[in-house]
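So you can see what is in the structure, the chains are spelled out below.
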Amino acid sequence: MVLWTSARKIGAVALGTGAGLSVYFYQKIREPHTIAHMSWTNSEKPVSPCALWDSNWDCRNPKSLVKPPKNDSPQEQNHYNSELEKACPKFARHIILIRHGEYLDLGDSDETHRLTSRGRLQAEYTGKRLHEMGIKWDKVIASTMTRAQETAEIILKEIDFNPKDVKHCPYIREGAPIPPQPPVGHWRPEESQFFRDGARIEAGFRRYFHRALPTDKHDTYTLIVGHGNVIRYFVCRALQFPPEAWLRINVNHASITWLTIQPSGNVSIKYLGDTGYIPAKFLTNRIPREAKNVV
């Protein structure tokens with residue numbers, strides 16, 4: 001009798017253990033494969049959901065633009081597939097961002113914030129570099145601030161694009177896009193500035209960053225001449241990095257940042273703040289404090 005009781009207990013434990021293992025492995029099988037785990041540890045704790053790519057970040061995923069079929073009839077399905085095909089872009093969009101050249105922060109007016117002689121030289125080097133790339137530009141857009149306008153004028157002398165066709169955009173003027181993380185002690189704008197500038201800069205991002213139009217017949221190239229804070233914020237937004245991280249990135253004056261948006265909506269970065277074509281003695285990334293420091 002004792003042996004029978006012991007056998008029953010052992011059987012119950014084994015059965016419970018087996019059931020528990022079955023549930024565990026069943027849950028592992030059903031676990032979504034989209035969950036990202038920290039590869040640098042043995043932890044099973046998933047990283048933040050923001051690490052998962054949003055394929056409809058620009059609200060132009062073809063499936064979100066086409067009305068779903070009304071029913072399962074072959075005619076309705078054929079019509080849906082036809083409209084879906086029409087809404088699918090076939091080519092990539094290349095967005096090349098140029099930071100303005102070095103300038104002097106003299107006076108309270110934007111008109112007094114003009115390029116230094118070194119800043120003009122930086123812009124000239126960048127224009128020559130863009131010319132060497134042999135790109136046929138579809139659009140050129142420049143911030144309406146003086147230093148960006150002057151940089152664009154110098155670049156346009158080097159590339160093949162009609163200056164009359166340049167679009168001058170106030171949305172991409174310099175500003176404070178979003179409170180940075182981690183915060184920095186030497187730069188603390190008022191909350192009202194983030195509220196004002198952030199909405200404007202985000203509007204600029206949504207205006208220029210999106211996948212190609214379905215009607216495009218080839219890859220398109222857009223040149224944007226703007227500012228450091230705006231470029232860094234755009235990079236974080238386009239790559240779906242935390243936008244608060246924008247201040248962790250540094251881009252030199254007159255640098256080239258190149259982002260590509262694929263027809264699928266995937267985004268990649270080719271250059272980030274590239275200035276390898278500018279001689280080292282002319283490289284800068286901060287505003288000179290005094291005019292005597294400027295070549």
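Here is a short report on the structure shown in this document. (Residues numbered from 1 in each chain as written. Predicted model: local features only at pLDDT ≥ 70, side-chain atom pairs only at ≥ 80, totals over all residues. Heavy atoms only, no water.)

**Comments concerning the pattern of salt bridges**
Then step 1. One pass over the structure, following the stated rule, counts 13 salt bridges.
Then step 2. The closest approach of N and O atoms between arginine 114 and glutamate 150, which form a salt bridge, is 2.6 Å. With arginine 114 in the loop between β1 (93–99) and α4 (117–133) and glutamate 150 in helix α5 (residues 146–156), this residue pair connects regions lying 36 residues apart in the sequence.
Then step 3. For glutamate 150, a relative accessible area of 10% puts it in the buried group.
Then step 4. By sharing partners, the salt bridges in this structure join Glu124, Lys128 and Glu158 into a single network. (Salt bridge = Lys/Arg side-chain N within 4 Å of Asp/Glu carboxyl O. Helix = DSSP H or I, 4+ residues; strand = E, 2+ residues; numbered from the N terminus. Buried < 20%, exposed > 50% of the residue type's maximum accessible area, 1.4 Å probe, protein only.)

**A word on the sheet that holds strand β3 (residues 167–169)**
Then step 1. In spatial order, the strands read β3-β2-β4-β1-β5-β6; together these six strands make up an open sheet with mixed pairing. Each end of this open sheet is capped by a strand with a single partner; those strands are β3 and β6 (267–274). Averaged over all pairs of adjacent strands, the angle between their axes in this sheet comes to 20 degrees, without regard to strand direction.
Then step 2. Here strand β5 (residues 256–261) runs beside β6; their pairing, made up of five bridges, is antiparallel. (Pairing = 2+ DSSP bridges. Axes fitted to C-alpha atoms, helices over the stretch in contact; angles between N-to-C directions.)

**Some words on the packing of helix α6 (residues 191–208) against helix α7 (residues 228–238)**
Then step 1. Where α6 contacts α7, the two axes come as close as 10 Å, and the packing angle between them is 55 degrees. As judged from the angle between their axes, α6 and α7 are oblique. In the packing of α6 onto α7, the handedness of the crossing is right-handed. Contact residues: Ile201, Glu202, Gly204, Phe205 and Arg206 in α6; Val230, Tyr233, Phe234, Arg237 and Ala238 in α7.
Then step 2. Split by residue class, the contact of α6 with α7 holds six nonpolar, one polar and three charged. (Parallel < 35°, antiparallel > 145°, perpendicular 65-115°, else oblique. Left-handed = near helix turned anticlockwise from the far one by under 90°. Contact = heavy atoms within 4.5 Å. Nonpolar A, V, L, I, M, F, W, Y, C, P; charged D, E, K, R; others polar.)

**A word on the nonpolar core**
Then step 1. In terms of nonpolar packing, the biggest core is built from 26 residues, with Leu97, Ile172, Phe209, Phe234 and Leu259 touching the most fellow members.
Then step 2. Elements with a minimum of two residues in this core: β1, α6, α7 and β5.
Then step 3. The element that contributes the greatest number of residues to this core is α7, accounting for seven residues.
Then step 4. Residues within four places of leucine 97 in sequence aside, it is in contact with Phe209, Ile224, Ile231, Phe234, Ser255, Ile256, Thr257 and Leu259.
Then step 5. In terms of nonpolar packing, the next biggest core, distinct from the first, is built from 22 residues, Ile96, Val140, Ile256 and Tyr277 among them. (Core = buried A, V, L, I, M, F, W, Y, C linked by side-chain atoms within 4.5 Å.)

**Focus on unusual backbone geometry**
Then step 1. For the bond from glutamine 181 to proline 182, the omega torsion is -5 degrees, close enough to zero to count as cis.
Then step 2. One can find proline 182 in the loop between β3 and α6.
Then step 3. With a phi close to 60 degrees, cysteine 59 is a non-glycine residue in the positive phi region.
Then step 4. For glutamine 240, which is not a glycine, the phi torsion comes out positive at approximately 60 degrees.
Then step 5. Relative to the helices and strands, glutamine 240 resides in the loop between α7 and β5.

**Comments concerning α4**
Then step 1. With 17 residues, α4 extends 25 Å from end C-alpha to end C-alpha; this agrees with the ideal 24 Å at 1.5 Å per step.
Then step 2. Elements that come into contact with the buried residues of α4 comprise β1, α5, β4 (220–226) and β5.
Then step 3. Where α4 ends, the next residue or the one after it, glycine 134, has phi of about 65 degrees, a positive value. (Expected span 1.5 Å × (residues − 1).)

**A short note on α7**
Residues that lie three or four places apart on an α-helix share one face, since the helix turns once every 3.6 residues.
Then step 1. Among the eleven residues that make up α7, ten are buried, leaving the element largely enclosed by the rest of the structure.
Then step 2. Within α7 the residues assigned to the buried category are Gly228, Asn229, Val230, Ile231, Arg232, Tyr233, Phe234, Val235, Cys236 and Ala238.
Then step 3. The secondary structure elements touched by the buried residues of α7 are β1, α6, β5 and β6.

**Considerations on the packing of α4 against α5**
Then step 1. Interaxial distance between α4 and α5 falls to 8 Å at its minimum, and their mutual angle equals 45 degrees. Here α5 runs oblique to α4, going by the angle between their axes. The handedness of the crossing between α4 and α5 is right-handed. Facing α4, whose interface residues are Arg120, Ala123, Glu124, Thr126, Gly127 and Leu130, α5 presents Glu150, Thr151, Ile154 and Ile155.
Then step 2. Residues belonging to the contact of α4 with α5 are distributed by class as follows: four nonpolar, three polar and three charged.

**Quick notes on the side chain of arginine 147**
Then step 1. Inspection of the secondary structure puts arginine 147 in helix α5.
Then step 2. Among the residues examined, arginine 147 registers a relative accessible area of 4% and is labelled buried.
Then step 3. Beyond its immediate sequence surroundings of up to four residues, arginine 147 is in contact with His100, Tyr103, Asp110, His113, Leu115, Glu174 and His227.

**Concerning the packing of aromatic side chains**
Then step 1. Within this structure, the stated rule accounts for eight aromatic pairs.
Then step 2. Ring geometry for phenylalanine 205 versus phenylalanine 234: centroids 5.8 Å apart, planes at 50 degrees, classification tilted. Taken together, the residues phenylalanine 205 in helix α6 and phenylalanine 234 in helix α7 connect sequence positions 29 residues apart. This pair shows no difference in class: phenylalanine 205 is buried, exactly as phenylalanine 234 is.
Then step 3. Here tyrosine 221 and tryptophan 258 contribute two aromatic rings whose centre-to-centre distance is 6.2 Å and whose plane-to-plane angle is 85 degrees, an arrangement assigned as edge-to-face. Pair noted here: tyrosine 221 is in strand β4 and tryptophan 258 is in strand β5, with a separation of 37 residues, a long-range link.
Then step 4. Members of the aromatic cluster, each reached through a chain of ring pairs, are Trp57, Phe205, Phe209, Tyr233 and Phe234. (Phe/Tyr/Trp six-rings, centres within 6.5 Å; stacked < 30°, edge-to-face > 60°.)

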